[in-house]
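# Survey of secondary and tertiary structure
Residues per chain, in single letters:
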Amino acid sequence: MPYELKHVFASLPQMERGVAKVIGGDPKGNNFLYTNGKCVIIRNIDNPAIADIYTEHAHQVGVAKYAPSGFYIASGDASGKIRIWDTTQKEHMLKYEYTPISGKIKDIAWTEDSKRIAVVGDGREKFGAVFLWDSGSSVGELSGHSKLINSVDIRQKRPYRLAAASDDTCGSFFEGPPFKFKFTLRDHSQFVNCVRFSPDGNRFATAGADGQVGLASDMGVSISCWSPDSSQLISASGDKTVKLWDVGAGTAVTTFNLGSDVTDQQLGCLWQKDHLLSISLSGYINYLDKNNPNRPIRTVKGHTKSIQCLTVHKKDGRSFVYSGSHDGHINILSGWIRLKKNRRKGHSNQVSKMVTNAANELVSCSMDDTLRYTKLDKKEYSASDVVKMDFQPKSVSVAGGISLAVCIGQVVLLKDKKKLFTLDNLGYEAEVGALHPSGTTAAVGGTDGKIRLYSIQGNTLKDEGKTLEAKGPITDMAYSNDGAYLAVIDEKKAITAYSVPDGYSVKNEFYGHHAKPVSLAWSPDNEHFATGGMDMMVYVWTLSDPDRRIKLADAHRLHHVSSLAWIDEHTLATTSHDASVKLWTITY
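Thresholds applied
- Residues numbered from 1 in each chain as written.
- Predicted model: local features only at pLDDT ≥ 70, side-chain atom pairs only at ≥ 80, totals over all residues.
- Heavy atoms only, no water.
- UniProt positions renumbered as here; feature names shortened; annotations may be inferred.
- Phe/Tyr/Trp six-rings, centres within 6.5 Å; stacked < 30°, edge-to-face > 60°.
- Helix = DSSP H or I, 4+ residues; strand = E, 2+ residues; numbered from the N terminus.
- Buried < 20%, exposed > 50% of the residue type's maximum accessible area, 1.4 Å probe, protein only.
- Disulfide = S-S within 2.5 Å.
- Pairing = 2+ DSSP bridges.
- Axes fitted to C-alpha atoms, helices over the stretch in contact; angles between N-to-C directions.

The protein appears in an unreviewed UniProt entry as WD repeat domain 1 from Oryzias latipes. Under the heading Sequence similarities (unreviewed entry), UniProt records this for the protein: "Belongs to the WD repeat AIP1 family." As stated in UniProt under Subcellular location (unreviewed entry), the record for the protein gives "Cytoplasm, Cytoskeleton".

Written as structure tokens, this is what we have:
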């Protein structure tokens, strides 16, 4: 194989304020599960840097749960569809697919023999269903609720019992199979968010928006989870704490304080083996420490929203990958294996493009109408490093000490974090810019399919009347690192490489994408470049031979590839709207 997936830096759980997040545990104790967008993320609990992503749902996925056998996972989405798929093979082959309810699925429970599944959520005719996993045949009726059901659980011992929790402030209890309504629980005064049986099957706990946790009280409890020996449970709360309860005494014995910011609200938890995990509204995954409740053992960070751009910075022999997302966050993937992501809030809107300059700065442009210059050794924003643009910047490029920002209706040249020269009244819509590494030429690509070459003379951009023709509206372009070539991609799915020393004559044209390519990056070897697009494909092209190409099919399955960056000539980083970053080994 000319390419191999080397590493996955997975997204965090997608969170919503006031809505509990169900985290699925592996019966073998090795992995845990959560959802983000249309993806199910499987992470190793001992080393969460090891991750796998399932991307076969067509709609947003709300919950995923392992079968007690450990061989299958059931995941449910916003359309009411449930997919049951294999966990033992990397292809995750689909076993069965059903649509038990007509709306969003909020929780799933299996019987201990892995043969029956209960599904609850929102629906037009009913709020839940229980059925045989291999035929979809009903094995009971989940009646008794007047509003959507948030949570369901099944006693993991015979005789089976099923409990559900609803927005109608009630819990319900069923006997079966076939499961029949037995009685209603009216212990809560507000939404009931969660219900969970103890592993020994002797008790079950409910958690509600009124602050009640089964036997005790708290504030705005999202979800609870039992210890393996059934003697304790943890509950996650909107007051930014997780509490550890002694079930026998009915009291909280430890309170874990997770912060003071609104994003530190706790909306999910999992107790697996010796690991106590909680999920913050920020999406951060906290490994709790019983011996030090005010400081987690580790916090797993990352992106929760789609990633728009990537860039790589090399320092002291190490490579640092920077990723910028739809919600204005910039994260760092430092080194190769260890996941070290520092979330640094600065931009207030989508980060559209990022590059690093010779002054050891990260230059980023955003839909918040700013360019930011961030010192990479400081890893923090400072107000003095913000340049406010007249119009929204779409692209930024650097060479030497200068920066080129392509904005809506404007092209701006900057130096020393100040605007040097502005081109207005362009007469065309500029889309993307690229500075030649020498700092003498600025190439600007437009939606009219033309690339205009401006010479940089002193502090000005001079239009020399030199224009290159592409096949369609320009979507991205970049000079090779040695400045010998300019590669351009366009909406007509064409890729054109121009030879700079030969007066920008066409060196070669490349075709392969089935939909619009949107990102282009040159390999450090100046002989290869990669493109990614709306067709979910990544191609690695050979400059001298258009027929020699490496195709990474479904690089981010069911998500278009939004950005690319080379770490070295054999390692390519790709990202997408699935909020993950993948590292690929490329062999020519």
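All right, on to the packing of aromatic side chains then. One pass over the full model with this rule turns up 18 aromatic pairs. Considering the side-chain rings of Phe 173 and Phe 197, the 6.4 Å spacing of their centres and the 50° angle between planes classify their relative orientation as tilted. Residue Phe 173 is located in strand 15 (residues 171-175), and its partner Phe 197 is located in strand 17 (residues 192-197); the two are separated by 24 residues in the primary sequence. Each of the two residues, Phe 173 as well as Phe 197, counts as buried. A ring pair is formed by Phe 510 and Phe 529, whose centres lie 5.3 Å apart and whose planes are at 90°; its orientation type is edge-to-face. Linking Phe 510 in strand 48 (residues 505-511) with Phe 529 in strand 50 (residues 528-533), this pair joins segments that are 19 residues apart in sequence.

Further remarks concern the UniProt feature "repeat: WD" (unreviewed entry) in the protein. The feature "repeat: WD" (unreviewed entry), as given by UniProt, occupies residues 54-95, 185-213, 226-255 and 510-551 in the numbering adopted here. Annotation note: span residues 54-95, helix share 0%, strand share 48%, distance between end C-alpha atoms 14 Å. Note that residues 510-551 is 0% helix and 62% strand, and that its end C-alpha atoms are spaced 13 Å apart.

Moving on, we come to the state of the cysteines. Per the counting criterion, the structure on display carries 0 disulfides. Cys 269 takes part in no disulfide bond, and the closest cysteine sulfur to it belongs to Cys 225, at a distance of 5.3 Å. On the basis of relative accessible area, Cys 269 is assigned to the buried category, the value being 4%. In this model Cys 407 remains outside any disulfide bridge; the closest cysteine sulfur is found in Cys 365, 7.8 Å from its own.

With that settled, consider the sheet that holds strand 45 (residues 474-479). Strand order in this open sheet of 4 strands is 45-46-47-48, and the pairing throughout is antiparallel. The open sheet has two free edges, formed respectively by strand 45 and strand 48, since each of these has just one partner strand. Sheet twist, expressed as the average angle between the axes of neighbouring strands with direction ignored, equals 20°.

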